Amino acid sequence: MKKKSAYFYSLIAPFMLLIAISGFTLRSQNKKIFYLPLGMISFYLIIEKELNRRSKRKDILNKVKFFQKNK
């Protein structure tokens with residue numbers, strides 16, 4: 001169950017960004033502002049996920065280096 005939801009949630013942010021870009025370009029001038037929060041939230045989710053992945057990878061690499069050094 002956890003893996004299915006992880007894939008689902010990882011696809012939501014790019015889909016939200018696609019909706020925000022298409023809505024911002026295709027809507028009339030007075031309704032474009034409604035798509036900005038959606039785009040900003042999806043952009044934040046993508047950036048936060050990438051930074052989280054990098055920090056976890058860095059921690060794993062440091063643990064591997066530590067165990068190799070103490071071997």
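Shown above is the structure to which this text applies.
These lines cover the structure that appears in this document, whether it is placed above or below.

### Topic: the side chain of Lys32
Piece 1. You can see Lys32 is positioned in the loop between helix 1 (2-26) and helix 2 (36-69).
Piece 2. Salt bridges are absent for the buried Lys32, whose nearest opposite-charge side chain, Glu48, sits at 29 Å.
Piece 3. Non-local contacts of Lys32, meaning those with residues more than four positions away in its chain, are made with Phe24 and Arg27.

### Section: a positive patch on the surface
Piece 1. A surface patch of positive charge is lined by Lys49, Arg53, Lys56 and Arg57.
Piece 2. When you line up the elements, Arg57 lands in helix 2.
Piece 3. Note on Arg57: relative accessible area 58%, which makes it exposed.

Criteria and cut-off values
Residues numbered from 1 in each chain as written. Predicted model: local features only at pLDDT ≥ 70, side-chain atom pairs only at ≥ 80, totals over all residues. Heavy atoms only, no water. Helix = DSSP H or I, 4+ residues; strand = E, 2+ residues; numbered from the N terminus. Buried < 20%, exposed > 50% of the residue type's maximum accessible area, 1.4 Å probe, protein only. Lys, Arg positive; Asp, Glu negative; His and termini not counted. Salt bridge = Lys/Arg side-chain N within 4 Å of Asp/Glu carboxyl O. Contact = heavy atoms within 4.5 Å. Patch = residues over 30% accessible without salt bridge, like charges linked within 9 Å, V, L, I, M, F, W, Y side chains within 5 Å. Areas by Shrake-Rupley, 256 points an atom, 1.4 Å probe, with all protein chains shown as cover. Charge placed at Lys NZ, Arg CZ, Asp CG, Glu CD.

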